[in-house]
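Architecture and fold: a report
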Amino acid sequence: MDLGLKGKWALVGGASKGLGFGCAQSLAREGVNVVIVARGGEALEAAATELRKLGTTILAVAADITTEQGREAIWTVAGGPGKNFDIVVTNAGGPPPGDFRTWDREAWIKAVDANMLTPIELIKATVDGMADRKFGRIINITSSAVKAPIDILGLSNGARSGLTGFVAGVARTQKLAGNNVTINNLLPGKFDTDRLATTHKAAAEKTGKSLADIRGVQQAQIPAGRFGTPDEFGAICAFLCSVQAGYMTGQNILPDGGLYPGTF
Ligand code: NAD
């Protein structure tokens, strides 16, 4: 299927590795020019070098996307589209796991800033231009924890649910939906990335079990019998960005190998 995305511009946050990289790669395969953002210079440059092999323009911005200066660096990167992106994939690192009794106001503000307010700022900066140009796709990478909360990830459960509520409203406005601008959330279940390794480490420390045991037990609980790959995740993201997906907005898509047990 030709997704109809050749020559479009995408912004992908947290793209030096993991799910963000998977999304950037799938979009570049479809002929999309991509601005990739991550804080770390070396990993980011390695990701950019890999993506450039696919033949589109790849611009790497080393910045913290959760700050105003970081976002300014994205809008002003030389050779980029300014704020005129066709596709925006919002993504940054998830908040740390822990016990809510130990989280102070600062910990909460940090989580809300990264996983709720940053996507909202990126949406605010780009969607009206998308509506004027009659094409726009926003994908927010959130978490399966929005549907099935994970006890040690309370900061994530809370901050991402706030974003989900906001998106449910704004995606359904006529100004956006009526002008071919869609906003959808992708809720990863368990994908084999550094982030997953961090949550496994926390679980191992909490329970005293080995990392191999934790991985084995978790994989056995997933009907698919395995963790997902960033490549699979990226392919779903690219489809949601496609011209064919224009009638789908305000949705929460849960790629999780069948782990979530509900009908809806
Ligand atoms: P990852 O740790 O493998 O990659 C995160 C990427 O984001 C890296 O490129 C990192 O450099 C970048 N990043 C982090 N903070 C940033 C910031 N402030 N500004 C710019 N870049 C930043 O993580 P992942 O597994 O790809 O996860 C992506 C998101 O999905 C995270 O928010 C994570 O919590 C969430 N998630 C992941 C899973 C999973 O199974 N992997 C499950 C549920 C939710």
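Below, the structure is looked at part by part. (Residues numbered from 1 in each chain as written. Predicted model: local features only at pLDDT ≥ 70, side-chain atom pairs only at ≥ 80, totals over all residues. Heavy atoms only, no water.)

Quick word on the site of the ligand
Around the ligand, the structure places 28 residues, and the nearest of them are Ser-16, Leu-19, Ala-92, Phe-191 and Thr-193. One of the side-chain N or O atoms of Arg-160 is found 2.8 Å from an oxygen atom in the ligand. Interatomic distance of 3.1 Å between a backbone N/O atom of Gly-189 and an oxygen atom of the ligand. Burial of the ligand by the surrounding chains reaches 91%, relative to a free accessible area of 830 Å². When residues of the shell around the ligand are traced back to their parent elements, those giving at least two are helix 1 (18-29) and helix 7 (194-207). If you tally residues by element for the shell around the ligand, the top one is helix 7, at 3 residues. Looking at the shell around the ligand, its residues break down into 10 nonpolar, 11 polar and 7 charged. (Near = heavy atom within 4 Å. Polar contact = N/O pair within 3.5 Å; in protein donor to acceptor, adjacent residues only side chain to side chain. Areas by Shrake-Rupley, 256 points an atom, 1.4 Å probe, with all protein chains shown as cover. Helix = DSSP H or I, 4+ residues; strand = E, 2+ residues; numbered from the N terminus. Nonpolar A, V, L, I, M, F, W, Y, C, P; charged D, E, K, R; others polar.)

Notes on the pairing of strand 3 (residues 58-62)
Judged from the 5 bridges that link them, strand 2 (residues 33-38) and strand 3 form a sheet pairing that is parallel. Within the sheet, the bridge partner assigned to Val-35 lies in strand 3 and is Leu-59. Handedness of the crossover joining strand 2 and strand 3 through helix 2 (residues 41-52) is recorded here as right-handed. (Pairing = 2+ DSSP bridges. Right-handed = clockwise from strand over helix to strand, strands pointing away.)

A short note on helix 2
If you check helix 2, its first and last C-alpha atoms are 16 Å apart, about what 12 residues at 1.5 Å a residue would give, namely 16 Å. Taken as a whole, helix 2 has its buried residues at Leu-44, Ala-47, Ala-48 and Leu-51. For helix 2, the arc enclosing every buried residue in end-on projection is 100°, short of the 170-degree limit, so these residues lie on one face. On the buried face of helix 2, the contacting elements are helix 1, strand 2 and strand 3. (Expected span 1.5 Å × (residues − 1). Buried < 20%, exposed > 50% of the residue type's maximum accessible area, 1.4 Å probe, protein only. Arc of directions from axis to C-beta. Contact = heavy atoms within 4.5 Å.)

Examining the pattern of salt bridges
Under the definition given, this model contains 10 salt bridges. We note a salt bridge from Asp-231 to Arg-29, for which the minimum N-O separation is 3.1 Å. Taken as a pair, Asp-231 in helix 9 (residues 230-241) and Arg-29 in helix 1 lie far apart in primary sequence, 202 residues in all. Owing to a relative accessible area of 44%, Arg-29 belongs among the partly exposed residues under this scheme. Residues Asp-192 and Arg-215 are paired through a salt bridge, measuring 3.0 Å at the closest nitrogen-oxygen approach. Residue Asp-192 is found in the loop between strand 6 (181-186) and helix 7, and its partner Arg-215 is found in helix 8 (residues 211-221); the two are separated by 23 residues along the sequence. For Asp-192, a relative accessible area of 36% puts it in the partly exposed group. Assessed through its relative accessible area of 30%, Arg-215 is described here as partly exposed. (Salt bridge = Lys/Arg side-chain N within 4 Å of Asp/Glu carboxyl O.)

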